[in-house]
Amino acid sequence: MTKSKWMHAGTILKMNAFNYPEKLGWQDKNKEFNFRDWNERSCRLANGLKDLGVGYQEPFAVLAFNRGEWMDIYAGCAKGGQMVVPIMFRLAAPDIEYIVNHSECRAFIVESSFVELVDSIKDKLSVPENAYIYLGDGPVPDGYVGYEDWLASSTPDEPDIMVDSADIWTIMYTSGTTGRPKGVMRTHESTIAQYFLNNINMGVLPTDKVMLVMPMCHINSIFYSFPYTLVSAPVFVYNMVSFDPEDLLSTIEKYKITYTSLVPTHYIMLLALPDEVKNSIDVSSIRQLLISSAPARKDLKLAIMEYFKNAELWEAYGTTEGGLITLLRPEYQFEKLGSIGKEIFGTDRIRLLDENKNPVPDGEVGEVYYRTPMIFKEYWKEPEKSKEAFEGEWSSAGDMAKRDEDGFYTLVDRKANMIITGGENVFPSEVENTVGAHPSVKDVAVIGVPDRKWGEAIKAVVILHDGYQASDDLAKELMDFCKGKIAGFKRPKSIDFIEEEEMPRTGTGKILHRNLREKYGKWSDEQ
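Remember, predicted model here, so these are calculated numbers, not experimental data. (Residues numbered from 1 in each chain as written. Predicted model: local features only at pLDDT ≥ 70, side-chain atom pairs only at ≥ 80, totals over all residues. Heavy atoms only, no water.)

Q: A description of the overall build of the protein should follow, citing residues and the corresponding values.
A: Within the protein, the regular secondary structure consists of 17 helices and 28 strands. Here the protein has a C-alpha radius of gyration of 23 Å; the compact-globule value for 527 residues is 24 Å, and the two agree. For the protein, the C-alpha atoms occupy an extent of roughly 70 × 55 × 55 Å along the three principal directions. Of the contacts made within the protein by residues no fewer than 6 positions apart, 69% connect residues no fewer than 24 positions apart. Of the roughly 21800 Å² of accessible surface on the protein, a fraction of 49% belongs to carbon and sulfur atoms. Seen as two clouds, the 59 positive and the 79 negative side-chain charges of the protein have centres 2 Å apart. (Helix = DSSP H or I, 4+ residues; strand = E, 2+ residues; numbered from the N terminus. Rg over C-alpha atoms; globule rule 2.2 N^0.38 Å. Contact = heavy atoms within 4.5 Å. Areas by Shrake-Rupley, 256 points an atom, 1.4 Å probe, with all protein chains shown as cover. Lys, Arg positive; Asp, Glu negative; His and termini not counted. Charge placed at Lys NZ, Arg CZ, Asp CG, Glu CD.)

Q: Quick rundown of unusual backbone geometry? Include the residues and the values.
A: Its identity as a non-glycine residue notwithstanding, glutamine 57 has a phi of 60 degrees, on the positive side. For glutamine 57, the location among the structural elements is in the loop between α2 (35-52) and β3 (59-63). Accessibility expressed as a relative area gives 22% for glutamine 57, which makes it partly exposed. (Buried < 20%, exposed > 50% of the residue type's maximum accessible area, 1.4 Å probe, protein only.)

Q: Report on the packing of aromatic side chains, specifying residues and quantitative values.
A: Under the definition given, this model contains 20 aromatic pairs. Ring centres of phenylalanine 35 and tryptophan 38 lie 6.0 Å apart, and the angle between their planes is 20 degrees; this geometry places the pair in the stacked category. Taken together, the residues phenylalanine 35 and tryptophan 38, both in helix α2 and three residues apart, mark about one turn of the helix. Each member of the pair, phenylalanine 35 as well as tryptophan 38, carries the same accessibility label: buried. Ring centres of tryptophan 169 and phenylalanine 226 lie 5.8 Å apart, and the angle between their planes is 65 degrees; this geometry places the pair in the edge-to-face category. Note that tryptophan 169 is positioned in strand β8 (residues 168-174) and phenylalanine 226 in helix α9 (residues 226-230), a separation of 57 residues in sequence. (Phe/Tyr/Trp six-rings, centres within 6.5 Å; stacked < 30°, edge-to-face > 60°.)

Q: So what's going on with the pattern of salt bridges? Which residues, and what values?
A: In a structure, side chains of opposite charge can pair up when their charged atoms sit close to one another. In total, this model carries 29 salt bridges according to the counting rule given. In this structure, arginine 41 and glutamate 148 form a salt bridge, with 2.9 Å as the shortest nitrogen-oxygen distance. Here glutamate 148 lies in helix α6 (residues 147-152) and arginine 41 lies in helix α2, a separation of 107 residues in the sequence. For arginine 41, a relative accessible area of 9% translates into the label buried. Residue aspartate 404 is joined to lysine 336 by a salt bridge in which the shortest nitrogen-to-oxygen separation is 2.9 Å. Within this pair, whereas aspartate 404 is found in the loop between β22 (400-403) and β23 (409-413), its partner lysine 336 is found in the loop between β15 (323-328) and β16 (342-343), the two being separated by 68 residues in sequence. Judged by relative accessible area, which is 12%, lysine 336 ranks as buried. (Salt bridge = Lys/Arg side-chain N within 4 Å of Asp/Glu carboxyl O.)

Q: Give me the side chain of asparagine 239: which residues, what numbers.
A: Mapped onto the fold, asparagine 239 is located in the loop between β11 (235-237) and α10 (245-255). A polar contact is formed between the side chain of asparagine 239 and the backbone nitrogen of lysine 29, at a distance of 3.0 Å. (Polar contact = N/O pair within 3.5 Å; in protein donor to acceptor, adjacent residues only side chain to side chain.)

Q: Give me the lowdown on the nonpolar core, citing residues and values where you can.
A: In this structure, Trp38, Phe60, Ile87, Val100, Phe108, Trp150 and Phe226 are the most contacted members of the largest nonpolar core, which totals 94 residues. Excluding anything up to four places from it in sequence, phenylalanine 226 contacts Ala9, Trp38, Met71, Tyr74, Ala75, Trp169 and Tyr195. Phe236, Tyr255, Val283 and Leu289 belong to the second-largest nonpolar core, a separate cluster that totals 27 residues. (Core = buried A, V, L, I, M, F, W, Y, C linked by side-chain atoms within 4.5 Å.)

Q: Describe the sheet that holds strand β27 (residues 455-464), and please don't skip the residues or the numbers.
A: Strand order in the open sheet formed by three strands is β26-β27-β28, and the pairing between neighbours is mixed. Each edge of the open sheet carries a strand with a single partner, namely β26 (441-451) and β28 (494-497). If you compare each strand with its neighbour and ignore which way they point, the axes differ by 30 degrees on average. The sheet contact formed by β26 and β27 spans ten bridges and is antiparallel. Opposite alanine 445, over in β27, you have valine 461 as the bridge partner. This element, helix α15 (residues 428-435), spans β26 and β27 of the sheet and lies at about 135 degrees to β26. (Pairing = 2+ DSSP bridges. Axes fitted to C-alpha atoms, helices over the stretch in contact; angles between N-to-C directions.)

Q: Please set out the pairing of strand β1 (residues 24-27) residue by residue, giving values where relevant.
A: Summarising the sheet, β1 and strand β2 (residues 32-34) pair through three bridges and their orientation is antiparallel. Directly across from leucine 24, in β2, lies its bridge partner asparagine 34. As consecutive antiparallel partners, β1 and β2 are separated by four residues. Looking at chain direction, β1 and β11 are connected through two bridges and run parallel. Residue pairing across strands places glutamine 27 opposite phenylalanine 236, the latter belonging to β11.

Q: Tell me about the environment of arginine 106, residues and numbers included.
A: The residue arginine 106 is located in the loop between α4 (93-102) and β5 (108-111) in this model. Sequence separation between arginine 106 and valine 204 is 98 residues; the distance between their C-alpha atoms is 36 Å. In this structure, arginine 106 is in contact with Gly53, Val54, Glu58, Pro59, Phe60, Ser126, Val127, Pro128 and Ala131, ignoring residues within four places of it in sequence.

Q: Break down the packing of helix α1 (residues 9-19) against α2 for me, citing the residues and quoting the values.
A: Interhelical geometry of α1 versus α2 gives an angle of 140 degrees and a closest axis separation of 8 Å. Comparing their axes, α2 and α1 come out oblique. Between α1 and α2 the crossing geometry is left-handed. Contacts between α1 and α2 involve Gly10, Leu13, Lys14, Asn16 and Ala17 from the former and Phe35, Arg36, Trp38, Asn39 and Ser42 from the latter. Broken down by class, the residue content of the contact of α1 with α2 amounts to four nonpolar, four polar and two charged. (Parallel < 35°, antiparallel > 145°, perpendicular 65-115°, else oblique. Left-handed = near helix turned anticlockwise from the far one by under 90°. Nonpolar A, V, L, I, M, F, W, Y, C, P; charged D, E, K, R; others polar.)

Q: Hey, could you go over the pairing of β27 for me, with residue numbers and the actual values?
A: Counting buried positions along β27 yields nine of ten residues, so the element is predominantly enclosed. Pairing geometry for β27 and β28, over four bridges, is parallel. Each residue of the ladder has a partner; that of alanine 460, found in β28, is isoleucine 495. Once you follow β27 into helix α16 (residues 472-481) and on to β28, the crossover reads as right-handed. (Right-handed = clockwise from strand over helix to strand, strands pointing away.)

Q: Could you give an account of α10, with specific residues and numbers?
A: All of the buried residues along α10 are Pro245, Asp247, Leu248, Leu249, Thr251, Ile252 and Tyr255. One side-chain oxygen at the N-terminal end of α10 lies 3.2 Å from the backbone nitrogen of glutamate 246; it belongs to aspartate 244.

Q: Give a description of the sheet that holds strand β14 (residues 312-319) that names residues and reports values.
A: If you walk across this open sheet you meet the nine strands as β2-β1-β11-β10-β12-β13-β14-β15-β16, and the pairing is mixed. With partners counted over all chains shown, the strands left at the sheet margins are β2 and β16, one partner each. Examined bridge by bridge, β15 and β16 share two bridges and lie antiparallel to one another. Each bridged residue has a counterpart across the sheet, and for threonine 326 the counterpart in β16 is glutamate 343. Together, β1 and β2 form the strand contacts of α2, whose direction differs from that of β2 by roughly 100 degrees. Contacting β13 (288-291), β14 and β15, helix α13 (residues 298-307) crosses the sheet at an angle of about 130 degrees to β14.

So, to be careful, I would describe these as geometric facts and stop short of saying anything about function.
Dropping the structure here:
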């Protein structure tokens, strides 16, 4: 008998294949499949993984840009009970090597753009040599099996296994303050709970059509894909390698998109298009928009609602570990500007706790602890960090917030010193370790500074060793030094040089990042 009686995404897809076989299931700019054909592809993928030696509750990795095949992959491993490890495509080779090996992946689906990168570290990976799948057009490179050939050679039958929704579906690696990412283990049940509560809170309809713009390897796209499948609505995967605002608006018009989730940077780029471009495109199909991953300014919200005249505007606060935690609903967008809203329907009261785990009164800052049915199980092979993430049945990602007298929450700090640039999370320690490896650097602190396009831009504040002179050329050298060592979005966009005595520190010598942010400016100062 299974522990959990909830249906998983593979069963939801199977039922749509029975009840709405000809209805569009997933689509991208190059191809589309109805529910019947999508279901068959997902069965083939589940069985193909088993044939490769990826058994029940065994992990495999995926490295790819956005494309519709991600929907095959997520539904397929739900059917087969395998655990998928989506890898952020912006990561550098050392990060990819760490994640694949740490998670003990038994197979690796690699898109064409990343074959050369993966080949450069293949001899260091845990993946058996016969378990590399090539996702892309053109000749299949040596050492790989073509994705479509692999599906075609696998049986289309439903896998002969009863997947327990209490088991793990995804292992999402998220940045850690120590610089090493942590594998967030999410069960089928916890993610299905996300889908049901999302649909109840936002009123998703079978006639909707979601467009997934955020990376398909990102928790945002996992959270906003299958809620639509749940009610037989189609999913459109926006498969552009880089963000093209005009193309995105044209895609909304062409495919009659009703909902998408974007970060403030995306909205800024859309609205910066010339009026003649914006006014020539019909975006009237959009009925709901979400702002996530970073705060949005009042002028940006006004501009969004002015352009997308038929759309409700929502803001969300959630975490990879906890799912959707709060929503600022459309009716409160200006009454509670800057707020992340209230707890969503179906979750418990947020606890704001001080450093001694005591509740703080309204108006005072405390660490956010939440209890939701979407909560993760644990961190992969990290028992101590898993334990630290929980306070009884409540969990925290380290965010600090305050609650007003009306019950609305406002974030005041983000996981201590975390930087959010273009919707991506960056912890200073990883960047500091990279910059600090340059022979000229004696000490370094990395912070986020306000940036109108990216929300925050990464700045490195550097103390030089004796014998080195601060200069623009050295600053450029340090920025170039980071290339290939860390992902592009993590590299510093500016360097400041200071003297030893100018670096703010605690009594034990630790750098006070908060003081540096006060000096160089923070997002709230720009309101």
